[in-house]
Amino acid sequence: MSYVYLYALLGVSLFVLGLNALIVHAHLLRKILAVNVMSTGVFLVLVALSSRNEEVLPDPVPHAMVITGIVVSVSATALALILMLKVNRATGKNELPDRGRD
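Bear in mind the structure is a predicted one, so any value in this text is a computation, not a measurement.

Definitions and cut-offs
- Residues numbered from 1 in each chain as written.
- Predicted model: local features only at pLDDT ≥ 70, side-chain atom pairs only at ≥ 80, totals over all residues.
- Heavy atoms only, no water.
- Helix = DSSP H or I, 4+ residues; strand = E, 2+ residues; numbered from the N terminus.
- Rg over C-alpha atoms; globule rule 2.2 N^0.38 Å.
- Buried < 20%, exposed > 50% of the residue type's maximum accessible area, 1.4 Å probe, protein only.
- Areas by Shrake-Rupley, 256 points an atom, 1.4 Å probe, with all protein chains shown as cover.
- Lys, Arg positive; Asp, Glu negative; His and termini not counted.
- Charge placed at Lys NZ, Arg CZ, Asp CG, Glu CD.
- Expected span 1.5 Å × (residues − 1).
- Arc of directions from axis to C-beta.
- Contact = heavy atoms within 4.5 Å.
- Axes fitted to C-alpha atoms, helices over the stretch in contact; angles between N-to-C directions.
- Parallel < 35°, antiparallel > 145°, perpendicular 65-115°, else oblique.
- Left-handed = near helix turned anticlockwise from the far one by under 90°.
- Nonpolar A, V, L, I, M, F, W, Y, C, P; charged D, E, K, R; others polar.

Undergrad: Whenever I open this one, the overall build of the protein confuses me. Can you help?
TA: Of the regular secondary structure elements, the protein holds 3 helices and 0 strands. The N-to-C order of helical and strand elements in the protein reads α-α-α. Taking 2.2 N^0.38 as the reference for a compact globule, 102 residues should give roughly 13 Å; the C-alpha atoms of the protein span a radius of gyration of 17 Å, well beyond that estimate. By residue count, 21% of the 102 residues in the protein fall in the buried class. Summed over all atoms, the accessible surface of the protein reaches about 7600 Å², with 68% contributed by carbon and sulfur. Across the protein, the 8 positively charged side chains and the 6 negatively charged ones have centroids separated by 16 Å.

Listed below in structure tokens is the structure:
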């Protein structure tokens, strides 16, 4: 098993771990952190699969996509934190209001 497949497996496990936390936890900050862990897993898989062959130089396109994704992820996290603060001010809780059946 080469290091490429080890990194890809680690990236997939990070994505699954983040998806589990996103589904299980109701607290908004934990959900935001879970989405960040999921994106880290996707970035790790992209970088790992860009250099599948050890004799050939890695493909630069996935690396550029990861750098762009990191910038977008930081911006989306900042927006999500601001929205979480607005929900906290409106409801007094850091959870989304539960909409029951009418």
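Undergrad: Help me out: how do you make sense of helix 1 (residues 3–24) in this one?
TA: An α-helical segment advances 3.6 residues per turn. Residues three or four places apart therefore align on the same side. Helix length check: helix 1, at 22 residues, gives a terminal C-alpha distance of 31 Å against a target of 32 Å (1.5 Å per residue), a fit within 8%. Inspection of helix 1 places Val-4, Ala-8, Gly-11 and Gly-18 among the buried residues, and these make up the whole buried set. Looking straight down helix 1, one finds its buried side chains confined to an arc of 90°; they lie on one side. Helix 1 presents Tyr-5, Leu-9, Leu-17, Ile-23 and Val-24 as exposed residues on the side facing more than 90 degrees away from its buried surface. On the buried face of helix 1, the contacting elements are helix 2 (28–50).

Undergrad: I tried to follow the packing of helix 1 against helix 2 on my own but got confused; where do I start?
TA: When two helices pack together, their arrangement is given by the angle between the helix axes and the distance between those axes. Relative orientation of the contacting elements helix 1 and helix 2 amounts to 160°, with a least axis distance of 7 Å. When the interaxial angle is binned, helix 1 and helix 2 end up roughly antiparallel. Note on packing geometry: the crossing formed by helix 1 with helix 2 is left-handed. Between helix 1 and helix 2, the contacting residues are Val-4, Tyr-7, Ala-8, Leu-10, Gly-11, Val-12, Leu-14, Phe-15, Gly-18, Leu-19, Ala-21 and Leu-22 on the first element and Lys-31, Ala-34, Val-35, Val-37, Met-38, Thr-40, Gly-41, Val-42, Leu-44, Val-45, Ala-48 and Leu-49 on the second. Residue composition of the contact of helix 1 with helix 2, by class: 19 nonpolar, 4 polar and 1 charged.

Undergrad: Looking at this structure, how should I read helix 3 (residues 60–91)?
TA: Along its 32 residues, helix 3 runs 46 Å from first to last C-alpha, staying within 8% of the 46 Å computed at 1.5 Å per residue. Along helix 3, the positions that sit buried rather than exposed are Pro-62, Val-66, Gly-69, Ser-73, Thr-77 and Met-84. Just past helix 3, the residue Gly-92 takes up positive phi, approximately 85°.

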